[in-house]
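# Structural overview for review
The primary structure of each chain is shown beneath.
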Amino acid sequence: MLSIKFIREHTQRVRDAVSGKRSDVNIDEILALDERRRGILKEVEDLKALRNKNSAAIAILKRGGEDASGKIAEMREVSDRIRTLDLKLKEVDGQLNERLLYVPNIIHEGVPIGTDESDNRFVRDWGKKPEFSFPLKDHLKIGEDLQLFDLKRAVKISGAGFPLYTGQGARLERALINFMLDHHTEQQNYTELFPPFLSGKTATQTTGQLPKFEEDMYKIPSDDLYCISTAEIPVTNIHADEILEEGELPRKYTAYSACFRREAGSYGKETRGLLRVHQFNKVEMVKFVTPETSYEELELLTADAEAILQLLGLHYRVVELSTGDLSFSAAKCYDIEVWAPAMEKYLEVSSCSNFEAFQARRGNIRYRRKSDNTVQFLHTLNGSGVATPRLMIALLETFQEKDGTVTLPEPLQPYFKGDSLSL
RNA sequence: GGAGAGAUGGCCGAGUGGUCGAAGGCGCACGCCUGGAAAGUGUGUAUACCAAACCGGUAUCAAGGGUUCGAAUCCCUUUCUCUCCGCCA
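Residues numbered from 1 in each chain as written. Chains lettered and ligands numbered in written order. Predicted model: local features only at pLDDT ≥ 70, side-chain atom pairs only at ≥ 80, totals over all residues. Heavy atoms only, no water.

## Quick look at the overall build of chain A
When its secondary structure is counted, chain A shows 13 helices and 16 strands. The C-alpha extent of chain A, read off along each of the three principal axes, is 100 × 45 × 40 Å. Going through the 423 residues of chain A one by one, you find that 49% of them count as buried. For chain A, restricting intrachain contacts to residue pairs at least 6 apart in sequence, the fraction spanning at least 24 positions comes to 73%. (Helix = DSSP H or I, 4+ residues; strand = E, 2+ residues; numbered from the N terminus. Buried < 20%, exposed > 50% of the residue type's maximum accessible area, 1.4 Å probe, protein only. Contact = heavy atoms within 4.5 Å.)

Listed below in structure tokens is the structure:
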């Protein structure tokens, strides 16, 4: 979140973010509440100063054996007034903080201005769209023919949108996850974590999923827990309320997790197959870095995610999200979109974002700066590396053969313990 | 689930009603010392908010509430941690 001070001092930048991200928070209302809060604060603090002064005086009188009843009576009234003002202050403070949680992060300079994904900026691509000399099957057909997943039976368990991988499909899913984790840890120096898949309200608020996107989260009311929508939530929170030394930064973590998303409001859209599901697997990367380096680290993070697709030989492109497509918490974000030949579409498999201090402030994640030994909020970044359902779609469609088999890219073969998918 | 113990600054740890934002130590920063380092030594070292030319003010000893002129300290509630017992595996 943004500090009220920042909003007060950089009102225009905040307004730009609000309009750019098409948020409906009322900044004027927030500023008015802040004004009111400071008025009350001044009054109550002056009274408290008076009380403190007189309490000390009373102590001295009593120590000297003198009568302090006059002053005590006087202070009793002051204390009553303080009590009243404190209550009012708390109320205003609560209203203000509640609203602050809904203020989106500022937008980094240079982010393309736009209303939605059509305004995203092409950054680069890698590889080429593969060409085929035979009619293509889409991933659903391939999956059906090779019995890689069984979405019909899955419905019996949890309803639509919860994929059931079977046989070679299940093994491929596991191979992809292991391949990605190994690459991030062995080649890119990320520390591996295996986090809890349920998170509490506070942790979920840190990363920005709450309070604004509560309707997108699965929740468990009996225990006040949420099913994580991304490993970003548990991993970012591991350093909540901590102060890291500058020398330990950047810290890089990678974690596999199942991800749960209600995808409320997206019914009918892209609901076929593995394109948009309620539960999916994802390997995530999270970085804790100094503010000076966070944009450099964003480039590195994006490259780390791209490396996965390159190793698998999948054509993809990188786009920079326009203001209208940028998420609530992000200051800047690159999407990586992999090419699905049969669908003839680029599919988002990774979002790599710099959150600057937005999440750090919510989660109170700080570091001690070397230059002046002061404590500052650090910057957090994260990116998928990558989400499996669409990765599998691209993989199946890209490497399908005329005979209906799928030849796996070489780096994946030791993980799959085989070189192709066939019946 | 039952019983008990605990939660104080970056860390450890003292502090049971009145200059306690908090002793002491560690760590850290800067200086001295040294050829350089270690050791030693001196000084400094919480955070947030308000107000700011400067001085300053307020709050914070897990969280919330209460008693009091005044609470780290007394009372209540909650959360978390640890130990023992039970339960499950």
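## Observations concerning the sheet that holds strand S12 (residues 366-368)
Strand order in the open sheet formed by three strands is S6-S12-S13, and the pairing between neighbours is mixed. Two strands close off the open sheet at either side, each with one partner strand: strand S6 (243-245) and strand S13 (375-377). Going from strand to strand, the sheet's axes swing by 40° on average, the running direction of each strand aside. Here S6 pairs with S12 via three bridges, running parallel. Within S12, the position partnered with Leu244 by the bridge is Tyr367. (Pairing = 2+ DSSP bridges. Axes fitted to C-alpha atoms, helices over the stretch in contact; angles between N-to-C directions.)

## Digging into unusual backbone geometry
The peptide bond linking Leu210 to Pro211 adopts the cis configuration, its omega dihedral lying at 0°. Residue position: Pro211 is located in the loop between helix H8 (201-206) and strand S4 (218-220). Residue Val386 follows Gly385 across a cis peptide bond; omega there is -5°. Inspection of the secondary structure puts Val386 in strand S14 (residues 379-387). In the Ramachandran plot, Lys417 falls in the positive-phi region, its phi being about 60° despite a non-glycine side chain. Mapping Lys417 onto the fold places it in the loop between helix H13 (413-416) and strand S16 (420-421).

## Observations concerning the protein's contact with RNA strand B
Taken together, 25 residues sit near RNA strand B, with Arg8, Ala49, Arg76, Ser79 and Lys90 positioned nearest. Protein-proximal atoms of RNA strand B, defined as those within 4 Å of the protein, fall in sugar or phosphate at a share of 74%. Arg38 has a polar side-chain atom sitting 3.0 Å from a phosphate oxygen of RNA strand B. One of the backbone nitrogen or oxygen atoms of Ile72 is found 3.4 Å away from a sugar or linking oxygen of RNA strand B. Breaking the surface near RNA strand B down by element, the ones donating at least two residues are helix H1 (4-9), helix H3 (27-63) and helix H4 (69-100). No other element matches H3, which puts 13 residues into the surface near RNA strand B. (Near = heavy atom within 4 Å. Polar contact = N/O pair within 3.5 Å; in protein donor to acceptor, adjacent residues only side chain to side chain.)

## Thoughts on the packing of helix H7 (residues 168-187) against helix H12 (residues 388-398)
Put simply, H7 and H12 touch, their axes get as near as 11 Å, and they point 110° apart. On the basis of their axis angle, the class for H7 and H12 is roughly perpendicular. Of the two possible hands of crossing, H7 and H12 adopt the one that is right-handed. Here Gly169, Leu172, Glu173, Leu176, Ile177 and Met180 of H7 come into contact with H12, specifically with Thr388, Leu391, Met392, Leu395 and Leu396. In the contact of H7 with H12, the residues fall into eight nonpolar, two polar and one charged. (Parallel < 35°, antiparallel > 145°, perpendicular 65-115°, else oblique. Left-handed = near helix turned anticlockwise from the far one by under 90°. Nonpolar A, V, L, I, M, F, W, Y, C, P; charged D, E, K, R; others polar.)

## Some words on the confidence of the model for chain A
Summing up the model confidence of chain A, the mean pLDDT is 92 and the portion of residues at 70 or higher is 98%. The ipTM value of the predicted complex is 0.86, and its pTM value is 0.92. (pLDDT = per-residue confidence, 0-100.)

## Focus on the side chain of Lys332
Note on placement: Lys332 falls in strand S10 (residues 332-340). Although Lys332 lies buried, it forms no salt bridge, and the closest oppositely charged side chain, Glu320, sits 4.1 Å away as judged by the N-O distance. Engagement of the side chain of Lys332 in a polar contact is seen with the side chain of Tyr334, the distance being 3.4 Å. Excluding anything up to four places from it in sequence, Lys332 contacts His108, Val111, Tyr295, Leu298, Glu299, Glu320, Leu326, Cys352, Ser353 and Asn354. (Lys, Arg positive; Asp, Glu negative; His and termini not counted. Salt bridge = Lys/Arg side-chain N within 4 Å of Asp/Glu carboxyl O.)

## Structural notes on the nonpolar core
Counting residues in hydrophobic clusters, the biggest one holds 55 residues, and the most contacted among them are Leu172, Leu176, Leu314, Leu396 and Leu421. Residue contacts for Leu396: discarding those within four places in its chain leaves His139, Ile142, Leu148, Phe149, Leu172, Val406 and Leu421. Residues Leu2, Met75, Val78 and Leu101 belong to the second largest nonpolar core, which totals 29 residues. (Core = buried A, V, L, I, M, F, W, Y, C linked by side-chain atoms within 4.5 Å.)

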